[in-house]
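A look at the structure
Each chain is listed here by its residues.
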Amino acid sequence: MQITNTILMIRPVAFRMNEQTAVNNYFQEDLAIKNDMINKMAQKEFDDFVEVLRQNGVTVIVIEDRVETDTPDSIFPNNWVSFHDSGTVVVYPMFAENRRKERREDVFDVLEEQGFRIDNIIDYTAAEEEGVFLEGTGSILKDRINQKAYCALSERAHEELFIEFCEDFDCFPVIFTANQTVNGERLPIYHTNVMMAMAETFAVICTATIDDKKERKNVVEHLKKNGKEVITITEQQMHCFAGNMLQVIGADDQRLMVMSSTAYHSLRKDQIAAIEKHCKIVHSSLDTIETCGGGSARCMMAEVFLPKA
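Quick summary incoming for the structure in this document. (Residues numbered from 1 in each chain as written. Predicted model: local features only at pLDDT ≥ 70, side-chain atom pairs only at ≥ 80, totals over all residues. Heavy atoms only, no water.)

So, the environment of Cys151
Summarising the element assignment, Cys151 is placed in strand β7 (residues 148-152). Residue Cys151 is classed as buried on the basis of its relative accessible area of 0%. Residues Cys151 and Pro93 lie 58 residues apart in sequence; the distance between their C-alpha atoms is 15 Å. What Cys151 contacts, discounting residues up to four positions off in sequence, is Ser139, Ala157, Phe162, Val174, Ile175, Phe176 and Thr192. (Helix = DSSP H or I, 4+ residues; strand = E, 2+ residues; numbered from the N terminus. Buried < 20%, exposed > 50% of the residue type's maximum accessible area, 1.4 Å probe, protein only. Contact = heavy atoms within 4.5 Å.)

This is the structure:
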């Protein structure tokens, strides 16, 4: 299946702007308030978001972060781990050194206690020693139904490791570069999932970020060839995190497109209508998390596809 009804989320205890990720995450901004207040605001947004998901019938497994590790970005677990329907767990190499402390084996114990089966762990983290990174489903967008994987190359998504992932999971790689304008210069977007979202029957994508026309045409052709309706967003909308959405399954098998309120309010009526042809839209306010963390709704949700034991 392309989507799941079970999500793993990490509740933050030390959320703040991470100076180690800000070097190439141009979505991050500092707030002129104390870090403990930033964390409290983020916790409130997190709890409200979890409640919205649960009210819509999504199963949310919440794990508390640990104070002693001082991990400001732990709220974005999808970058260090992914859970697959084969019973495989994948652990990924991270660009920022302080993000590597987010990786926790006790998370796997919690999932097994919840009745999920883990048969195998693929660990790519040794690549960090060579300065090679691939940050989970931030870097990789899988079209699971059609066995394809999309990746925008950046300092956090290296081509050779992405190819290795595709070989391990028998996926066809669709590789491109996506850029944004920073101080008049076109620089790579740090994660694929801020400019593109993959759903069952459609994809939301900021095609304007793919400067190379051949690459842009190739990406769109792959999507359309596999029957996806392509819903394009502008760069301005992308900066409102309109590309950082995730489709999940809610109550009574209902399809939901989950996003932040900032993302939702950036969309035009025709774009909202295009999405609502396929599924219901669910949104929640994530202003503090988006501003300081440079990530949004999709980054906060690690999908659980593991089989039940």
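After that view of the structure, there is still more to cover.
Observations regarding the packing of aromatic side chains
Enumeration according to the criterion identifies six aromatic pairs in this entry. On the basis of an interplanar angle of 45° and a centroid distance of 6.2 Å, the ring pair of Tyr92 and Tyr124 is categorised as tilted. Here Tyr92 is found in the loop between β4 (88-91) and α2 (106-113), whereas its partner Tyr124 is found in the loop between β5 (120-123) and α3 (136-139), with 32 residues between them in sequence. With centroids separated by 5.7 Å and ring planes inclined at 85°, the aromatic side chains of Phe95 and Phe133 adopt a geometry described as edge-to-face. Here Phe95, found in the loop between β4 and α2, pairs with Phe133, found in the loop between β5 and α3; they are 38 residues apart in sequence, far enough to count as distant. (Phe/Tyr/Trp six-rings, centres within 6.5 Å; stacked < 30°, edge-to-face > 60°.)

Regarding α2
By the burial criterion, the buried members of α2 are Val107, Phe108 and Leu111. Taken end-on, α2 shows its buried residues confined to a sector of 100°, consistent with a single buried face. The first or second residue beyond α2 is Gly115, which carries a positive phi of 100°. (Arc of directions from axis to C-beta.)

Looking at the sheet that holds β5
A sheet is described by the order of its strands in space; here three strands give the open sequence β3-β4-β5, paired in mixed fashion. Here the strands that pair on one side only, and so sit at the sheet edges, are β3 (81-83) and β5. Shown here is a sheet whose adjacent strand axes are inclined to one another by a mean of 15°, direction ignored. Contacts from α2 reach β3, β4 and β5 within the one sheet, and its direction differs from that of β3 by about 20°. (Pairing = 2+ DSSP bridges. Axes fitted to C-alpha atoms, helices over the stretch in contact; angles between N-to-C directions.)

A word on the pairing of strand β1 (residues 6-11)
For β1, a buried count of six out of six residues is recorded, marking the element as mostly surrounded by other parts of the structure. What you see with β1 is no split at all: Thr6, Leu8 and Ile10 on one side and Ile7, Met9 and Arg11 on the other are buried throughout. With two bridges connecting them, β1 and strand β17 (residues 302-303) associate as antiparallel partners. Looking at β17, one finds that Ile7 is bridged to Glu303.

Details of a negative patch on the surface
A surface patch of negative charge is lined by Glu105, Asp109, Glu112 and Glu113. Mapping Glu105 onto the fold places it in the loop between β4 and α2. (Patch = residues over 30% accessible without salt bridge, like charges linked within 9 Å, V, L, I, M, F, W, Y side chains within 5 Å. Areas by Shrake-Rupley, 256 points an atom, 1.4 Å probe, with all protein chains shown as cover. Salt bridge = Lys/Arg side-chain N within 4 Å of Asp/Glu carboxyl O. Lys, Arg positive; Asp, Glu negative; His and termini not counted. Charge placed at Lys NZ, Arg CZ, Asp CG, Glu CD.)

As for the pairing of strand β9 (residues 179-182)
Examined bridge by bridge, β9 and strand β10 (residues 185-188) share four bridges and lie antiparallel to one another. Counterpart to Thr181 in the pairing with β10 is Arg186. From the end of β9 to the start of β10, which pair antiparallel, there are two residues, and Asn183 there has a positive phi angle of about 50°.

Regarding the side chain of Ser296
Within the fold, Ser296 resides in the loop between α9 (287-293) and β17. The exposure class of Ser296 is buried, given its relative accessible area of 0%. Discounting residues that sit within four places of it in the chain, Ser296 has contacts with Phe76, Phe241, Asn244, Ser260, Leu286 and Glu290.

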